[in-house]
Amino acid sequence: MGITQILFWILSVMALFSALMVITSKNPMHSVIWLIIVFFAISGHYLLLNAQFLAIVNIIVYAGAIMVLFLYVLMLMDLKKETEPAKNRWLKVAGAMAGGSLLLVLVAALRKVDIENGIAETRTGDIGLIENLGTALFTEYVVPFEISSILFLSAMVGAVVIGKKE
Amino acid sequence: MPINYYIYLSVALFCIGIVGVLTRRNAIIIFMCIELMLNAVNILLVAFSKMHHFKNAAVNASAGTDGQLFVFFIMVVAAAEVSVGLAIIVMMYRNIHSVDINFLNRLKH
C-alpha cells in the first residue's frame, strides 16, 4: 500500500465523515464549517490526481468565496432561537431510506462493471496544469468562456435586483 | 488508483447530498447539500478525465483536457447559482422571518 493509496483513503474518509456531519449537525454554522472541510478534502483529491489548477480554483472559489457568502448570510439572519421542529421524524426516516435506496441501487449496478484498463492516473500527467487548461480554454472554449462571463453579469444584476428593498 | 474507487466515493457523496436535501428543512442547508452534490460530480469528471488521458495519451497528448474544463464551467455556474439563490433566501427571510421551507407552501394557495 503506497503513499497514494494511504492519501486516497485518508482524504475519502475525511470527505465522507465531514459530509455526514454537514447533514446531521443542528447548528447551520457548524454545517458550513464541515462543508469547508469537505471542500478541502476534495481539493486534496484533485491534487492527488494532479489537477493542480482545479485544486486551487476549488479552494479559492468554493472555500473562499461561496462558503464565505453562506457564512455571511447566516450571520445576517439570527437563526439561533428557532431550531428546526423535530416533529417530522417520519419525513427524516423516509428521506434517509430514499437516499439509501439510491445508494444501494447505484452500488449494485456498478459492482459488476469492469472498466477495461480503468486506472485514473495519479501524481503524473500534465493535462491538469494551468498551461494546458489555459490554452484549451482560450482557443477551443473561448465562446463558452465569454458566455459564462455574461452569465456572471446577469447573476450579479439578478442578485442585486432580488436583494434590494422596494 | 482504479477508477472504481473514485466512482464509489462520488456516488456516496452524491447520496449524502440527496439525503440532506430530503431530510433537512433549512433552506440554507439544502443549498449546501446541492453544492455537495455538484462537487461529487466534479470529482467523478476529474477522475474520468485522468482515466481518459491514461488510455489515450499516446494518441492525443491533450486527451482529457475537456473534462477538467467542464469542471471549471460547473464551478462558474455554481457560483452564479449560489449568488442568486442566497439573494432569494435573504428576501424570503425578510418577508416571513424564517428559512424553513415548510412555510414556502403558500404557492399552492
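Quick note: structure is the one above.
The rules behind each value
- Residues numbered from 1 in each chain as written.
- Chains lettered and ligands numbered in written order.
- Predicted model: local features only at pLDDT ≥ 70, side-chain atom pairs only at ≥ 80, totals over all residues.
- Heavy atoms only, no water.
- Core = buried A, V, L, I, M, F, W, Y, C linked by side-chain atoms within 4.5 Å.
- Buried < 20%, exposed > 50% of the residue type's maximum accessible area, 1.4 Å probe, protein only.
- Helix = DSSP H or I, 4+ residues; strand = E, 2+ residues; numbered from the N terminus.
- Domains from an automatic or database assignment.
- Phe/Tyr/Trp six-rings, centres within 6.5 Å; stacked < 30°, edge-to-face > 60°.
- Salt bridge = Lys/Arg side-chain N within 4 Å of Asp/Glu carboxyl O.
- Contact = heavy atoms within 4.5 Å.
- Buried area = accessible area lost by both parts, 1.4 Å probe.
- Polar contact = N/O pair within 3.5 Å; in protein donor to acceptor, adjacent residues only side chain to side chain.
- Axes fitted to C-alpha atoms, helices over the stretch in contact; angles between N-to-C directions.
- Parallel < 35°, antiparallel > 145°, perpendicular 65-115°, else oblique.
- Left-handed = near helix turned anticlockwise from the far one by under 90°.
- Patch = residues over 30% accessible without salt bridge, like charges linked within 9 Å, V, L, I, M, F, W, Y side chains within 5 Å.
- Areas by Shrake-Rupley, 256 points an atom, 1.4 Å probe, with all protein chains shown as cover.

(A) Local environment of the nonpolar core. Counting 67 residues, the largest nonpolar core has Tyr46, Met67 and Phe70 of chain A together with Tyr6 of chain B as the members making the most contacts within it. Secondary structure elements with two or more residues in this core: α1 (3-24), α2 (28-48), α3 (52-76) and α5 (130-139) of chain A together with α1 (3-23), α2 (27-56) and α3 (65-96) of chain B. Summarising the domain contributions, this core has at least three residues from each of domain 1 (1-79) and domain 2 (129-166) of chain A.

(B) A look at the packing of aromatic side chains. Applying the stated rule across the entire model yields 11 aromatic pairs over all chains. Put simply, the rings of Phe53 and Tyr141 of chain A together with Phe70, Phe72 and Phe73 of chain B touch in pairs and so form one group of aromatic residues.

(C) Up close: the pattern of salt bridges. Scanning all chains against the criterion turns up one salt bridge over all chains. Between Lys50 of chain B and Glu121 of chain A there is a salt bridge, and its shortest N-O distance comes to 3.9 Å. Here Glu121 of chain A lies in the loop between α4 (89-111) and α5 and Lys50 of chain B lies in helix α2, a pairing that spans two chains. By the burial criterion, Lys50 of chain B is buried, and Glu121 of chain A matches it.

(D) Focus on the side chain of His45 of chain A. Along the chain, His45 of chain A falls in helix α2. Excluding its chain neighbours within four sequence positions, the residues that come into contact with His45 of chain A are Phe8, Leu11 and Ser12 of chain A together with Tyr6 and Leu9 of chain B.

(E) Highlighting the interface of chain A and chain B. Taken together, the 89 residues of chain A in the interface contact 75 residues of chain B. The largest per-residue losses of area from chain A upon contact with chain B belong to Ile23, Phe70 and Ile127 of chain A, which jointly make up 10% of the total buried on that side. Summed over the shared surface of chain A and chain B, the number is one salt bridge. Joining chain A to chain B, the criterion identifies 10 residue pairs in polar contact (both at pLDDT 80 or more). Contributions of two or more residues to the side of chain A that touches chain B are made by α1, α2, α3, α4, α5 and α6 (142-163) of chain A. Per-element tally for the side of chain A that touches chain B: the top contributor is α4 of chain A, with 13 residues.

(F) How the structure looks around the packing of α4 of chain A against α1 of chain B. As a packed pair, α4 of chain A and α1 of chain B sit with axes 8 Å apart at the nearest point and diverge in direction by 160°. Accordingly, the angle class assigned to the pair α4 of chain A and α1 of chain B is roughly antiparallel. Crossing geometry of α4 of chain A relative to α1 of chain B is assigned as right-handed.

(G) Fine view of a nonpolar patch on the surface. Taken together, Met1, Ile6, Trp9 and Ile10 of chain A together with Tyr5 of chain B make up a surface patch of nonpolar side chains, about 550 Å² in accessible area. At three residues, α1 of chain A tops the list of elements feeding residues into the nonpolar patch. Mapped onto the elements of the fold, Trp9 of chain A is located in helix α1. Trp9 of chain A gets classed as partly exposed once you look at its relative accessible area, which sits at 39%.

(H) Region of interest: unusual backbone geometry. A positive phi is found at Arg123 of chain A, a non-glycine position, where the angle reads about 60°. As for its placement among the helices and strands, Arg123 of chain A is situated in the loop between α4 and α5. Its relative accessible area of 53% is what places Arg123 of chain A among the exposed residues. Backbone geometry places His97 of chain B, a non-glycine residue, at a positive phi of 55°. Mapped onto the secondary structure, His97 of chain B falls in the segment after α3. Of the residues examined, His97 of chain B reaches a relative accessible area of 57% and is grouped as exposed.

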